[in-house]
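# Working through the structure, step by step
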Amino acid sequence: MENTYGCSSKTTKDVSLQEIRDRLAEFAEVRGWVQYHSPRNLLLALVGEVGELSEIFQWKGEVARGLPNWSSDDKEHLEEELSDVLLYLVQLADICGLDLGQAALTKIVKNAKKYPVMNQ
């Protein structure tokens, strides 16, 4: 089954940020949406999607890892909202000319220095 991005909706392979970026760029290009994808517009869309994601958890209290008490429909809804956040984040980084994957790895290194392992 293919989704609107021309991908199988359930895959088991690792997907690179580059592949996502390329597919999103093509998706926007063929629809004539590139003109609307300014950093500001993408950021506002991202914030909206983060809001939708937070609504899923808003009244649930603490949630166990793996979501053992969630229905498959609830998990699918969560997947969709997490995906929307990721897609807008990747587009925003791309439009700003940033390498999101490298930036994330660099940030992990910075965080390791900022928060060293404490001997117990």
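What you are looking at is a predicted structure, and each value in this text was computed from that prediction instead of being measured.

### Regarding the side chain of Q91
Inspection of the secondary structure puts Q91 in helix α3 (residues 72–95). For Q91, a relative accessible area of 12% translates into the label buried.

### Side note on the pattern of salt bridges
Any two side chains of opposite charge can pair, so long as their charged atoms come close to each other. Tallying each qualifying case throughout the model produces four salt bridges. In this structure, D94 and R21 form a salt bridge, with 3.4 Å as the shortest nitrogen-oxygen distance. Of the two residues, D94 is situated in helix α3 and R21 in helix α1 (residues 17–31); the sequence distance between them amounts to 73 residues. Look at R21 and you get partly exposed, because its relative accessible area is 26%. One network of salt bridges, with partners in common, ties together K13, E19 and R23.

### Observations regarding α3
Its 24 residues give α3 an end-to-end C-alpha distance of 34 Å, which sits within 8% of 34 Å, the value for a rise of 1.5 Å per residue. Along α3, the residues that are buried comprise L78, E81, V85, L87, V90, Q91, L92 and A93. Just downstream of α3, G97 is the residue with a positive phi angle, here 75 degrees.

Thresholds applied
- Residues numbered from 1 in each chain as written.
- Predicted model: local features only at pLDDT ≥ 70, side-chain atom pairs only at ≥ 80, totals over all residues.
- Heavy atoms only, no water.
- Helix = DSSP H or I, 4+ residues; strand = E, 2+ residues; numbered from the N terminus.
- Buried < 20%, exposed > 50% of the residue type's maximum accessible area, 1.4 Å probe, protein only.
- Salt bridge = Lys/Arg side-chain N within 4 Å of Asp/Glu carboxyl O.
- Expected span 1.5 Å × (residues − 1).

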